[in-house]
Amino acid sequence: MMSTVGGRPSSTSKEGLDDEVFGSAVDPKVIRRMLPYLLPQTRLVIVAVIAMLLFAATQVAVPWLVKLGIDRYIANGDRGGLIMVAGLFFGSAVVSWVALYVQDITITKAGQGILLALRRDMFSHMQKQSMRFFDKTEVGRIMSRVQGDVYQLQEFLGTIVMTVGDFLSLGGIVVVMLLLDVQLGLMALVVLPLLAIAMAVWQPFARRTFIKARATISIVNASLNENITGVRVVQAMNRQDENLRQFDVKNRSNLNAFLGAGRLSAGVLPVVDFLPAAAIGLVLYFGSSMVSGGAIEIGLLIAFIMYIQRFFDPIRNLTMQYTQLQRAMASGTRIFETLDVEPDMVDAPDAKILPPIRGEVELRNVSFAYKQGEDVIQNLSLRIEPGQTAAIVGPTGAGKTTLVSLIARFYDVEQGRGEVLVDGHDVRDVVRASLASQMSMVLQEPFLFSGTVRENIKYNHVDVSEEKMIEAAKAVGAHTFISKLEDGYDTYLEERGENLSVGQRQLISFARAIVADPKILILDEATANIDSHTEAQIQLALRSLLKDRTAIVIAHRLSTIRGADKIVVLSQGELVEEGTHDELLDRDGLYSHLYHMNYAVLEEIGVA
């Protein structure tokens, strides 16, 4: 059998997206790149900041109200004053609740707006990337960017607002404590250098641990995607147990990495919790003496203790928010790094719209490599006349799929390494969309999308009439089985069309390919995975479908190859033979050898 593999490289994360990025808590580059996403949310952000300021003010006000109530009204037995203080307490609680509610609602709404825009841009950018990008980048890593990193960055706004709020609370508390009593204020703050030292020691370990956690989850995602996508092969080869063992190793590595990150996060909190206890102990010890000596009042001492407790709450929050900001900045770096990956195959600035074509295809001295120095196509020249059917054959790795990929402009030939021409136009000099609209391809593995049969056939040609759609389905022999489906053309297809047989999926792929009446039709092993009866239907349909249409066919079935106007034989990226079936058999070359090894046997048993 002849493979369609054209030497295309397998995916490798080494050349693709790098997950091991863990930045500073505030990265100016990321923040600058975030501004276009933040600006549409300006009104919500302003409301959130105002709400946050009100909430911070209530947190600073409560201990002062306690001091006021004890020292001015309880000490003097002023019940009217106490009622007023109680009212202020109640008002402060209401303002605090409303402010926190408004802050949470507005930040959530703004964050979701950012999430929406980022995901849209990421999706759009992925759609523009060339095949080369997807050849070298694992799907799991891409999904990690579009889902995990975008979600992580979405929380950036809320974290920033809370961080600013906590800093303002800290500043307000420090100012009030120093205004109430400078000596006690400095005493309460004496433990801060210890916190700074603890954070300086903790941070390098945390950075390494969170990098490892991020890398391991990406590996798990990639493995999960690979095994789900290839589940048929897994079950056919009975590899479930071994794959589970390998996945367990990766999953456990991820578990250990996240447990390590959790231990580090948990380890810093007791330090932060210990420091306020130490500060309260100092203030109680020296403050009680000051109360006894009449230097301060008891209400002030109680207010100080409350301020110390409230002072370390924002510090505890900031400790966790620092890590969250680092993660957000790291995610932002990865997201914008991905958005900065320029498609390596873009239309030239002066690219022209390709006019209606006749279907002439020519390759002139084309050489092509996926990796530098490893040519898959070597100095290949080929001409296919309009309306001609050319069968591409050759052993595994000969470059067959690469050849049709260059014609379809999935990849561009480097300047100076030949030309791919359609109707005399270099495909690099035309708008690719204008080429693709006049060309269709049917692959060996039919890929259908979630949606109705109608939506799949009209996929990129939604304006095609119902009559033309049905005509296309009839032309490939798909109309009969579609009509027998529960809802006909409105039958909903599951992911990849799994509720249809392989042959039925391929027939819909054929209908999708011809519904727009392309002048060039590429069939890449399109009949390899269907039964002989279905293929016979397609072969019969092809006789009329290919009329006045240029067809380039990669096939291993003799019935397809023998009926071609021209057979092109490739070997190791070179064109070694060209001619009709009978001509090539008479030459007794590579085609004759392949025929006698494969096709003759298939013909004898009636499956060719």
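Residues numbered from 1 in each chain as written. Predicted model: local features only at pLDDT ≥ 70, side-chain atom pairs only at ≥ 80, totals over all residues. Heavy atoms only, no water.

**Here's the deal with the overall build of the protein**
Counted only if it meets this: In DSSP terms, a helix is any run of H or I states spanning at least four residues, a strand is any run of E spanning at least two, and both are numbered starting from the N terminus. Three labels apply to residues, based on accessible area from a 1.4 Å probe with only protein chains included: buried if under 20% of the type maximum, exposed if over 50%, partly exposed otherwise in between. Any pair of residues with heavy atoms lying within 4.5 Å of one another is described as a contacting pair. Computed with the Shrake-Rupley method and a 1.4 Å probe, the accessible areas treat only the protein chains shown as cover for residues.
When helices and strands are tallied, the protein shows 21 helices and twelve strands. Classification of the 608 residues of the protein by burial places 48% in the buried group. The long-range fraction of contacts in the protein, counting pairs at least 24 apart against all pairs at least 6 apart in sequence, stands at 79%. By element, 58% of the accessible surface of the protein is carried by carbon and sulfur atoms, the whole surface being about 29,800 Å².

**Quick look at the packing of aromatic side chains**
Put simply, the rule is: Working definition: a ring pair exists when centres of Phe, Tyr or Trp rings (six-membered ring for Trp) sit within 6.5 Å. Plane angles under 30 degrees give stacked, over 60 give edge-to-face, the rest tilted.
Within the structure shown, the criterion is met by eight aromatic pairs. Three or more aromatic residues link up through ring pairs in this structure, and these residues are Phe-368, Tyr-370 and Tyr-411.

**Examining the sheet that holds strand 1 (residues 361-371)**
Defined as follows: Strand pairing is defined by DSSP finding a minimum of two bridges between the two strands. Here an angle of 0 to 180 degrees is reported between the N-to-C directions of two axes, which are lines fitted to C-alpha atoms, with helices fitted over the stretch in contact.
Strand order in this open sheet of four strands is 2-1-4-5, and the pairing throughout is antiparallel. Looking at strand neighbours, the two that pair on one side only are strand 2 (374-384) and strand 5 (425-426), the edges of this open sheet. Helix-sheet contacts for helix 12 (residues 400-407) involve strand 1, strand 2 and strand 4 (419-422), and the interaxial angle to strand 1 is about 115 degrees.

**Some remarks on the environment of Phe-368**
By secondary structure assignment, the location of Phe-368 is in strand 1. The sequence separation of Phe-368 and Gly-418 amounts to 50 residues, and the corresponding C-alpha distance is 8.7 Å. When sequence neighbours within four positions are dropped, the list of residues in contact with Phe-368 reads Arg-132, Glu-374, Asp-375, Val-376, Ile-377, Thr-402, Leu-406, Tyr-411, Asp-412 and Arg-417.

**A closer look at the side chain of Asp-423**
If you trace the backbone, Asp-423 turns up in the loop between strand 4 and strand 5. When near neighbours in sequence (up to four residues on either side) are disregarded, Asp-423 contacts Pro-356, Ile-357, Arg-358, Gly-359 and Glu-360.

**Examining the pattern of salt bridges**
So the rule is basically this: When a carboxyl oxygen of Asp or Glu is within 4 Å of a side-chain nitrogen of Lys or Arg, the pair counts as a salt bridge.
Across all of its chains, the model carries 19 salt bridges by this definition. One salt bridge in this structure joins Arg-383 and Glu-362, with 3.2 Å as the shortest N-O distance. Residue Arg-383 is found in strand 2, and its partner Glu-362 is found in strand 1; the two are separated by 21 residues along the sequence. Judged by its relative accessible area of 35%, Arg-383 falls in the partly exposed class. You can call Glu-362 buried: its relative accessible area is 14%. Where Lys-458 meets Glu-466, a salt bridge forms, and the shortest distance between an N and an O atom there is 3.7 Å.

**Observations concerning the sheet that holds strand 6 (residues 439-442)**
Sheet strands pair via backbone hydrogen bonds, and the direction of the pair is either parallel or antiparallel. One open sheet holds the six strands; their spatial order is 6-9-10-3-11-12, and the pairing between them is mixed. Where the open sheet ends on each side, the last strands, each with one partner, are strand 6 and strand 12 (574-579). Between one strand axis and the next, the sheet turns through 20 degrees on average, direction left out of account. Two strands pair when backbone bridges link them, and strand 6 and strand 9 (residues 520-524) are joined in this way by four bridges, in the parallel orientation. Note that in strand 9 the partner of Ser-440 across the bridge is Leu-521.

**Details of unusual backbone geometry**
Not every positive phi belongs to a glycine, and Asp-423 is a case in point at roughly 55 degrees. A positive phi angle is found at Asp-588, which is not glycine, with a value near 55 degrees. Inspection of the secondary structure assignment puts Asp-588 in the loop between helix 20 (581-587) and helix 21 (590-604). Looking at Asp-588, the relative accessible area reads 61%, which means it is exposed.

**Some remarks on a nonpolar patch on the surface**
Note the threshold: Only residues whose relative accessible area exceeds 30% and that form no salt bridge are eligible for patches; like-charged ones are grouped when within 9 Å, while nonpolar side chains (Val, Leu, Ile, Met, Phe, Trp, Tyr) are grouped when within 5 Å.
Residues Phe-90, Val-94, Trp-97, Val-98, Tyr-101 and Ile-105 make up a contiguous nonpolar surface patch of roughly 650 Å² in combined accessible area. Within the fold, Val-94 resides in helix 3 (residues 79-128).

**Quick look at helix 7 (residues 182-189)**
Going by this rule: Polar contacts, as used here, are pairs of N or O atoms within 3.5 Å; protein pairs need one atom able to donate a hydrogen and one able to accept it. Residues neighboring in sequence count only if both atoms are side-chain atoms.
All of the buried residues in helix 7 are Leu-184, Gly-185, Met-187, Ala-188 and Leu-189. Where helix 7 begins, the side chain of Asp-181 points an oxygen toward the backbone nitrogen of Gln-183, at a separation of 3.1 Å.

**A few points about the environment of Leu-585**
Inspection of the secondary structure puts Leu-585 in helix 20. Counting along the chain gives eleven residues from Leu-585 to His-596, while the straight-line C-alpha distance between them is 9.4 Å. The contact partners of Leu-585, leaving out residues within four places of it in the chain, are Tyr-591, Ser-592 and Tyr-595.

**What to know about helix 2 (residues 42-74)**
This is how the line gets drawn: By this rule the span expected of a helix is its residue count minus one, scaled by 1.5 Å. The bend at a residue is defined as the angle formed between two axes, one fitted to the seven residues ending at that residue and one fitted to the seven starting there.
For helix 2, which comprises 33 residues, the first-to-last C-alpha distance of 46 Å matches the rise-based estimate of 48 Å (1.5 Å per residue) to within 8%. Along helix 2, the largest kink reaches about 30 degrees and is centred on Ala-61; proline Pro-63 follows within four residues of it.

**Quick word on the packing of helix 2 against helix 3**
Helix packing for two helices is described by the angle between their axes and how far apart those axes are. Counted only if it meets this: Working definition: roughly parallel below 35 degrees, roughly antiparallel above 145 degrees, roughly perpendicular at 65 to 115 degrees, and oblique for all remaining angles. Two helices crossing with the near one rotated counterclockwise from the far one by less than a right angle form a left-handed crossing, whereas a clockwise rotation gives a right-handed crossing. Each residue gets one of three labels, nonpolar for Ala, Val, Leu, Ile, Met, Phe, Trp, Tyr, Cys and Pro, charged for Asp, Glu, Lys and Arg, and polar for the others, Gly among them.
At their nearest, the axes of helix 2 and helix 3 sit 8 Å apart, and the two run at 160 degrees to each other. Regarding the angle of helix 2 to helix 3, the classification is roughly antiparallel. Regarding helix 2 and helix 3, the two cross each other, and that crossing is left-handed. Here the contact of helix 2 with helix 3 is built from residues that sort into 24 nonpolar, eight polar and one charged.

**A closer look at the confidence of the model for the protein**
Any segment with low pLDDT has predicted coordinates that should not be analysed in fine detail. Quick note on the threshold: Every residue gets a pLDDT, meaning the predictor's confidence in that residue, from 0 to 100.
Of the residues in the protein, 88% have a pLDDT of 70 or more, and the chain-wide mean is 80. In this model residues 1-16 is a low-confidence stretch, pLDDT under 50, and it forms 54 contacts with partners more than four residues away in sequence or in other chains. For the stretch residues 18-22, pLDDT sits under 50, and the model shows 20 contacts to residues farther than four places along the chain or on other chains.

**What about the nonpolar core?**
Rule in force here: Definition used in this section: a nonpolar core is a set of buried Ala, Val, Leu, Ile, Met, Phe, Trp, Tyr and Cys residues joined via side-chain atoms within 4.5 Å.
Counting 40 residues, the largest nonpolar core has Val-453, Ile-457, Phe-481, Ile-482, Ile-508 and Ile-567 as the members making the most contacts within it. For this core, the element with the most residues is helix 17 (residues 502-514), which contributes six residues. Setting aside anything within four residues of it in sequence, one finds Ile-508 in contact with Leu-448, Val-453, Asn-456, Ile-457, Phe-481, Ile-482, Leu-493 and Leu-500.

**Remarks on the packing of helix 1 (residues 28-38) against helix 3**
At their nearest, the axes of helix 1 and helix 3 sit 9 Å apart, and the two run at 110 degrees to each other. It follows from the interaxial angle that helix 1 and helix 3 lie roughly perpendicular. For the pair formed by helix 1 and helix 3, the contact residues are Met-34, Tyr-37 and Leu-38 on the first element and Ile-114, Ala-117, Leu-118 and Asp-121 on the second.

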